Amino acid sequence: VQLQAFGGGLVQAGGSLRLSCTASGRTFSSYAVGWFRQALGKEREFVAAISVSGGRTYYADSVKGRITISRDDAKNTVYLQMNSLKPEDAADYYCAANRFVPNGGYYYATGYGFWGQGTEVTVSS
């Protein structure tokens, strides 16, 4: 499956952005999807993930209550709605997918075999 992430941009602190991850090549509905981010000089970190069919969602503690992941399999798209953005949310955001992610594996980059390119989010204070 080929993934493409887009929707990043410049936003003021407290503002909102919605990132999208679209897939082509295979049936996206059979893939679990995760979002990760990497800020300059920092390691890539988990943001959120959603299971096949969207029945389960997972969030990093730092984004709970502010960020929501959802999927629309009819559009082969997973969304990351980001509200109340903070300067520390600024990073390149990546979406990733895999047919099977083991329990507990959603939080780790190693759980995903397919990655899209990053989309940059900048948050001004």
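Residues numbered from 1 in each chain as written. Predicted model: local features only at pLDDT ≥ 70, side-chain atom pairs only at ≥ 80, totals over all residues. Heavy atoms only, no water.

**Q** Hey, could you run me through the overall build of the protein chain in this one?
**A** In terms of regular secondary structure, the protein chain is built from zero helices and 11 strands. For the protein chain, the C-alpha radius of gyration of 13 Å lies close to 14 Å, the compact-globule estimate for 125 residues. Dimensions of the protein chain, computed from the C-alpha atoms along their principal axes, are close to 40 × 25 × 25 Å. Residues counted as buried form 44% of the 125 residues belonging to the protein chain. (Helix = DSSP H or I, 4+ residues; strand = E, 2+ residues; numbered from the N terminus. Rg over C-alpha atoms; globule rule 2.2 N^0.38 Å. Buried < 20%, exposed > 50% of the residue type's maximum accessible area, 1.4 Å probe, protein only.)

**Q** Just to check I follow, could you spell out the state of the cysteines for this structure?
**A** Two cysteines form a disulfide when their sulfur atoms are joined by a covalent bond. Here the structure, examined in full by the defined rule, presents one disulfide. Note on cysteine connectivity: cysteine 21 is disulfide-linked to cysteine 95, with sulfurs 2.2 Å apart. Residues cysteine 21 and cysteine 95 are joined by a disulfide whose S-S torsion is about 70°; by sign, that bridge is right-handed. With cysteine 21 in strand 3 (residues 17-24) and cysteine 95 in strand 9 (residues 91-98), this pair connects stretches of sequence that are 74 residues apart. (Disulfide = S-S within 2.5 Å.)

**Q** Teacher, can you tell me more about the pairing of strand 7 (residues 67-72) here?
**A** Regular strands place their side chains on alternate faces of the sheet. Taking every second residue as pointing to the same face, the buried face of strand 7 carries Ile67, Ile69 and Arg71, while none of Thr68, Ser70 and Asp72 on the other face is buried. Pairing between strand 7 and strand 8 (residues 77-82): six bridges, direction antiparallel. By the bridge assignment for strand 8, serine 70 is matched with tyrosine 79. Here strand 7 folds back onto strand 8 in antiparallel fashion, the turn holding four residues, of which asparagine 76 has a positive phi close to 55°. (Pairing = 2+ DSSP bridges.)

**Q** Teacher, can you tell me more about the side chain of arginine 66 here?
**A** With respect to the helices and strands, arginine 66 occurs in the loop between strand 6 (57-59) and strand 7. Separated by 3.0 Å, the side chain of arginine 66 and the backbone oxygen of serine 84 make a polar contact. In terms of polar contacts, arginine 66 uses its side chain to reach the side chain of aspartate 89, at 2.7 Å. Every residue in contact with arginine 66, bar those within four places of it in the chain, is listed here: Gln81, Met82, Asn83, Ser84, Leu85, Lys86 and Asp89. (Polar contact = N/O pair within 3.5 Å; in protein donor to acceptor, adjacent residues only side chain to side chain. Contact = heavy atoms within 4.5 Å.)

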